[in-house]
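Spelled out, the chains give:
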Amino acid sequence: MATEVFKHGLGEPYKRKEDARFIRGQGNYVDDVKLPGMLYGDIVRSPYAHALIKNIDISKALEVPGVLAVITGKDLDKAGLAWMPTLSADTQAVLALDRVHFQMQEVAFVVGTSREAAADGVEAVDIDYEPLKVLVDPKKALDADAPLLRPDKKDRQPTNQIYHWETGDREGTDAAFVEAEANGVVIKQDMYIPRIMPAPIETCGCVADYHKSTGKLTVWLTSQAPHVHRTLFAIVAGLPEHRIRIISPDVGGGFGNKVPIYPGYVCAVVASITTGKPVKWIEDRTENLSSTGFGRDYHIHAELAADKNGKVNALRVHTLADHGAFDAAAQPTKFPAGLFHICTGSYDFKHAFVDVDAMHTNKPPGGIAYRCSFRVTEASYLIERIMDTLAHDLGKDPADLRLQNFIQPEAFPYRSALDWTFDSGNYEGALRLAMKNIDYEGLRREQLEKRAKGELMGIGISSFTEIVGAGPGKHFDIAGIQMFDSCEIRVHPTGKALARIGVQTQGQGHETTFAQIIAAELGMSPDDIDVEHGDTDTAPYGLGTYASRSTPVAGAATALAARKVRDKAKKIAAYLLEVDEEDLEWEPGRFFVKGAPGKGKTIQELAFAAYTNCPPYLEPGLEAVNYYDPPNLTYPFGSYICVVDLDRGTGEVHIRRFMAVDDCGIVINPMVVEGQVHGGLTQGLAPALYEEIYYDEDGNVHGGNFQDYLIPTSMETPHWETDRTVTPSPHHPIGAKGVGESPTVGAPQAIVNAVVDALAHVGVRHIDIPITPWKVWNILKEKGLATD
Amino acid sequence: MIPGSFDYLVANSVPEAIALLEQHGDDAKILAGGQSLIPLLRFRLASPAVLIDINRIGDLEYIQETDGTLHIGALTREAELDSSSLIRNRYPILLDTSSMVADPVVRNWATVGGNIAHADPANDHPATMLALNAQVVATGPNGQRTIPIEEFFTDTTFETSLRPNEILTEIRIPAPTERSGGAYFKLERKVGDYAIAGAATYVTLDEQGNVTYAGIGLTNVGPVPIKARDAEQSLVGQALNDASILHAADLAAAAAQPNSDSRGPAEYKRAMVHTLTVRALRKSLARATGGE
Amino acid sequence: MSIHHIRVTINGTDYEGDVDSRMLLVHWIRDGLRLTGTHIGCDTTSCGACTILVDGKATKSCTMFAVQANGREIMTVEGLEQNDKLHPLQEGFHEEHALQCGYCTPGMMMTSLALLRNNPNPTEHEIRVGISGNLCRCTGYVNIVKAVQYAAEKMRAAEQVPVNAGEGGE
């Protein structure tokens, strides 16, 4: 009977438990929360990218029916809240005091009895601005005539440069390049990755509810990291942390957009404290696209040194990072450029050096987000692009060049030239599987035939290495809090379990996958294990879900907590069966006496005994908690191959096929993994061909609504094909690595490589994303290839 | 996100709608499908004091071919064009057009009349109506008048020759003759977007295969919907072949007045007018000669 | 302010209330009637998270005023399950893993329902066209297509509709 119960362990495509409420429209998202007496907040935002605030007149707004209050920066300043710390050791204006730094910056917060009243109030606030010179080009940030954007911190940062960061062996790398200039090959490429927005379909928002009588603040919040948010609220607002409760209920997508703390949250909290009523603030889409945490905006200059046969030797990368007006990038504090130095990728570089200069500009703050694994999207993009350029320059097949340079399986654990220790990998296996699945040889033959007829077909490869699971507490912290994670399991007398975890799903299926982890360890059905998260009053402290860390860190904590439960169950079994622990064997769901399999106890019997017949030398009950400090990060990887056909009349790129082979180690739920891959690929397609936020010279935002910010529909999105290899992580308790961001990391360059590959024979080496039809058409026209 | 306040009135008949328009004058705006108007209201880019909802006037939803003319009621939803076998079989250019308006859900409410009367050069039907030499019927307090589509659009953006107390009630299109065919090609960045450029072409051939009628309309490449007259003229009396098609496309591209914006540089848009005109004319020829 | 008394049938139940003419239908459904299954995802009628059926037509309820719904019949996601029995679409979305965060799902299912009622045997292309007004950020659409195909098959079996019924027709 125990073996029958254990059907649903690791590797099962178990249907999701959380679906039940979502398919009925009974999810509980923040905007679904309605409390008695609840008020609504709406934000007055600056039309100017850079301006002094001469005067704010709220008198007309206060006369609007239903408007109860208008909070300004001056009001917040009295409580020391006009500025708040960011996750990158900078400060950010909550409501602008004397000046605005980006278009759509928050200037005032209107509180009304209805959404309509608050919106009308916003229209009635009168602000006098004196426009200042605008800086939108980070390359001009250090010019003599550039406006100083942050006079508020000029004592510690006298220019617009936020930081310079570097890593690697500069001397050895420079020497390797000198050698390659003389006797080998040096490839240089500039690449710009524009600013993009994660744009989950649910925007950001909160309901803040402060009760004076208890001093308790409850905030329903679109949060990917509720505990960290609680601690930050305590620090920023000066409220006692045990009286703050953050509830991240159902979250409609995150992708990094729901990691920062936004001014709207702080204002809603202040408004609730001031009015004594719950206050709801939900941003609209335009606000979301024009002011919340962005991703990318990296101006990259990459150089690669190889020998004449294509064996790579050294990588040298210089990046100019545009963080907007406040450095609010969400990453571990010791890594201002995130994990960008994974950029040696899947290849065995002997030398590497990377440096990043970060600048302020008159744009919204950020910018580590959009399913990026802390800048791994940027890193993987540059290496996969420059490897393809090397291949084309040498006249080598891009697959062959990669196979020639992959880190070999026997080299793991592999210490990269930039000091990461990769846990495991089988890069050749993944690439060969992708090539076989898509009939790579056949495609190359077809490409030649088509080229002879003037048809432009391209094949692009991306063999990426990811780095996730942040991370070992010694090096990884968010706002000082070490990046461990947690799980607490309680098994009830009648054999059902309740588990709470420190991470926060936004669609990743944790209620199912984490139940499966426990189910596998304890031999129970996932049906008998419910997983909760998101309420900081009940869930153990965790750092949240982003950068694909849930499975590597909280998943490990969950497995280990479950093993603690099993260990205690074993002790109870020994007691009940009157044997020593060493005489017991485990099969899923049951301990039995070695050599006497009929003599055993199921986990359910042991749970019951924990409460009714507990060994006198043990505490009663059956529960365990584990806080897991990972020993290392994990390194998922994969190979993607993309086939494109170009329309010579319009420049449109048609993706004919896309084969994605992923390796995320041991797979908990292949159905969930495949879904993550489909979604991540779509968020890789989007930046490659469609999405972009840009600013004109006056700092006006373009792409700030869904009419212009081009989220792919079902028509732009190809039918994704997926497969997998399995290379477990040797240090993870269940060998799992995490997968959520692999496809966003790996996909864009597969597409770009394909488009460039279609045009490489006429000398095209690079096209910056998004690859719009007119970018392609300009090339076609220039090369005499444009038709009708 | 939240519109300003307005008064809301329902018209249950055309005369009632006209009477309300007369009563409220400049303060009032007709609410048909609302798929263009309501977004403007939500962004407070338009703030009429009064909305007159005409969606209940069921008499204005019809697609009928009688006496050599296709009559489309102004309130006919794009989705009805999408699913009409009459349109698909005899007026496929209209299906080409309706199926490119916004997205399928919006098309359940968006109306053909609204798409034309809103006079947005980015809307799709104007170009097609120009190519088809359509007429619109305007109904006012003194009855109906028929306006040729060329006279319906003025040279000012978002302006038509509808009087303030008139509503558009019908669109009329000549029924196809034996050797006629048309097509609409719209290049868009993604489904749901306005056109980067669009070209509608319609030709009628005589028994020798020479063009007796050519209509060419362009979408979103100027301040108003554009009728490419020189291009049309260049085809009349000619055989429709690669040479004449390319020449007409050159002239159509020259007639475009595109701006550079987030949908592409002006030079690109102009080139796309060329490409789309070529493709639309080739398809028009195929449809006219029974190829499709 | 312009207040109107409206009567609307939603999922077979009659509702009435006084609404300001500028109140969006989606806000009345969600805030007024507390049917919060219909969601808001944008402000440009682009995302379709707010899709419901109004008189049988898939409708973006953010682009309609509540007053316009007076006297009409509405169906929202809450109306899919009948007598404790899930609709084939709900089953299909669950079976085929066609939802992750669940936020676009109600709108996606309502659009799909209208699609299948008009076209009981759609091809993959027809499904993709049909749902092209509904954005999903999580799933990449592949499984949503499968879910609609699953539902189509179940609904056809239940109705015993001939396979060719989806072609043509006005």
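Look up a bit, the structure's there.
Below: a short report on this structure.

Definitions and cut-offs
- Residues numbered from 1 in each chain as written.
- Chains lettered and ligands numbered in written order.
- Predicted model: local features only at pLDDT ≥ 70, side-chain atom pairs only at ≥ 80, totals over all residues.
- Heavy atoms only, no water.
- Helix = DSSP H or I, 4+ residues; strand = E, 2+ residues; numbered from the N terminus.
- Rg over C-alpha atoms; globule rule 2.2 N^0.38 Å.
- Buried < 20%, exposed > 50% of the residue type's maximum accessible area, 1.4 Å probe, protein only.
- Contact = heavy atoms within 4.5 Å.
- Areas by Shrake-Rupley, 256 points an atom, 1.4 Å probe, with all protein chains shown as cover.
- Lys, Arg positive; Asp, Glu negative; His and termini not counted.
- Charge placed at Lys NZ, Arg CZ, Asp CG, Glu CD.
- Buried area = accessible area lost by both parts, 1.4 Å probe.
- Salt bridge = Lys/Arg side-chain N within 4 Å of Asp/Glu carboxyl O.
- Nonpolar A, V, L, I, M, F, W, Y, C, P; charged D, E, K, R; others polar.
- Core = buried A, V, L, I, M, F, W, Y, C linked by side-chain atoms within 4.5 Å.
- Pairing = 2+ DSSP bridges.
- Axes fitted to C-alpha atoms, helices over the stretch in contact; angles between N-to-C directions.
- Phe/Tyr/Trp six-rings, centres within 6.5 Å; stacked < 30°, edge-to-face > 60°.
- Lys NZ or Arg CZ within 6 Å of the ring centre and 35° of its normal.
- Polar contact = N/O pair within 3.5 Å; in protein donor to acceptor, adjacent residues only side chain to side chain.

### Let's talk about the overall build of chain C
So, point 1. A tally of helices and strands in chain C yields five helices and five strands.
So, point 2. Going from the N terminus to the C terminus, chain C shows its helices and strands as β-β-α-β-β-β-α-α-α-α.
So, point 3. Computed over C-alpha atoms, the radius of gyration of chain C comes to 16 Å, within 12% of the 15 Å expected from 2.2 N^0.38 for 170 residues, which places it in the range of a compact globule.
So, point 4. Counting only residues that meet the buried cut, chain C has 66% of its 170 residues in that class.
So, point 5. Across chain C, the fraction of contacts at a sequence separation of at least 24, relative to all contacts at a separation of at least 6, is 57%.
So, point 6. On chain C, roughly 5900 Å² of surface is accessible, and the fraction owed to carbon and sulfur atoms is 45%.
So, point 7. Taking the average place of the 14 positive charges on the side chains of chain C and the average place of its 20 negative ones, the gap between the two points comes to 5 Å.

### Topic: the side chain of T551 of chain A
Residues and elements named next belong to chain A.
So, point 1. By secondary structure assignment, the location of T551 is in helix 15 (residues 550–577).
So, point 2. Overall, T551 belongs to the buried group, its relative accessible area being 18%.
So, point 3. Residue contacts for T551: discarding those within four places in its chain leaves F514, A556, I668, H732, A736 and G738.

### Remarks on the interface of chain C and chain B
So, point 1. Contacts between chain C and chain B engage 38 residues on the former and 35 residues on the latter.
So, point 2. Here chain C packs against chain B, burying approximately 2900 Å² in sum over the two surfaces, 57% of which is carbon and sulfur.
So, point 3. Between K60 of chain C and D103 of chain B there is a salt bridge; the shortest N-O distance is 2.8 Å.
So, point 4. Elements represented by at least two residues in the side of chain C that touches chain B include exactly strand 3 (51–54), strand 4 (57–60) and helix 4 (124–130) of chain C.
So, point 5. If you tally residues by element for the side of chain C that touches chain B, the top one is strand 4 of chain C, at four residues.
So, point 6. Broken down by class, the residue content of the side of chain C that touches chain B amounts to 13 nonpolar, 18 polar and seven charged.

### Quick word on the nonpolar core
So, point 1. With 162 residues, the main nonpolar core has F109, L304, F340, W420 and F658 of chain A as its most contacted residues.
So, point 2. The biggest single contributor to this core is helix 18 (residues 742–759) of chain A, with ten residues.
So, point 3. Residues contacting W420 of chain A, with those up to four places away along its chain left out, are F335, L339, H341, I342, Y414, R415, I467, F476, L633 and Y635 of chain A.
So, point 4. Of all hydrophobic cores here, the second largest spans 55 residues; its members include F255 and Y370 of chain A together with Y103 and C104 of chain C.

### Structural notes on the environment of Q144 of chain B
Residues and elements named next belong to chain B.
So, point 1. Among the structural elements, Q144 can be located in strand 7 (residues 143–148).
So, point 2. Counting along the chain gives 22 residues from Q144 to E166, while the straight-line C-alpha distance between them is 8.9 Å.
So, point 3. Non-local contacts of Q144, meaning those with residues more than four positions away in its chain, are made with V137, A138, T139, T169 and R172.

### Points about the sheet that holds strand 1 (residues 7–10) of chain B
Residues and elements named next belong to chain B.
So, point 1. With parallel pairing, the three strands of this open sheet are ordered in space as 1-3-2. The sheet terminates laterally at strand 1 and strand 2 (28–31), the two strands that pair on one side only. Strand-to-strand, the axes of this sheet are offset by a mean angle of 25°, without reference to chain direction.
So, point 2. Both strand 2 and strand 3 (residues 50–53) contribute to a ladder of four bridges, which runs parallel. The residue bridging I30 from the neighbouring strand is I52, located in strand 3.

### Points about the pairing of strand 4 (residues 63–66) of chain B
Residue and element names in this part refer to chain B.
So, point 1. Relative to strand 5 (residues 69–73), strand 4 is paired through four bridges, and the arrangement is antiparallel. Note on strand 5: the bridge partner recorded for T66 is T69.
So, point 2. A loop of two residues connects strand 4 with strand 5, the two strands running antiparallel in sequence, and D67 in this loop sits at a positive phi of about 55°.

### Focus: the pairing of strand 14 (residues 279–282) of chain A
Residue and element names in this part refer to chain A.
So, point 1. Pairing between strand 1 (residues 39–45) and strand 14: three bridges, direction parallel. Bridge pairing in strand 14 places Y40 opposite K280.
So, point 2. Pairing of strand 11 (residues 205–211) with strand 14 involves four bridges; the strand directions are antiparallel. Looking at strand 14, one finds that G205 is bridged to I282.

### Some words on the packing of aromatic side chains
For any pair of aromatic rings, geometry is given as the distance between the ring centres together with the angle between the planes.
Residue and element names in this part refer to chain A.
So, point 1. According to the stated counting rule, one finds 31 aromatic pairs over all chains in the structure shown.
So, point 2. Against the face of F22 rests R21, its NZ or CZ located 4.7 Å from the ring centre.
So, point 3. Of note, R316 hangs over the ring of F177, and the distance from its end group to the ring centre comes to 4.1 Å.

### Some points on the environment of A417 of chain A
All names here are of chain A.
So, point 1. As for its placement among the helices and strands, A417 is situated in the loop between strand 19 (414–415) and strand 20 (421–422).
So, point 2. As a C-alpha pair, A417 and F353 span 64 residues in sequence and 8.4 Å in three-dimensional space.
So, point 3. Contact partners of A417, with chain neighbours within four places excluded, come to F349, K350, H351 and A352.

### Let's talk about the environment of R230 of chain A
All names here are of chain A.
So, point 1. Summarising the element assignment, R230 is placed in helix 7 (residues 226–237).
So, point 2. When the C-alpha atoms of R230 and G395 are compared, they prove to be 56 Å apart, with 165 residues separating the residues in sequence.
So, point 3. Reaching out from R230, the side chain makes a polar contact with the side chain of E241 at a distance of 2.9 Å.
So, point 4. At 3.1 Å, the side chain of R230 and the backbone oxygen of T536 are in polar contact.

Purely spatial values, then, with no claim about function.
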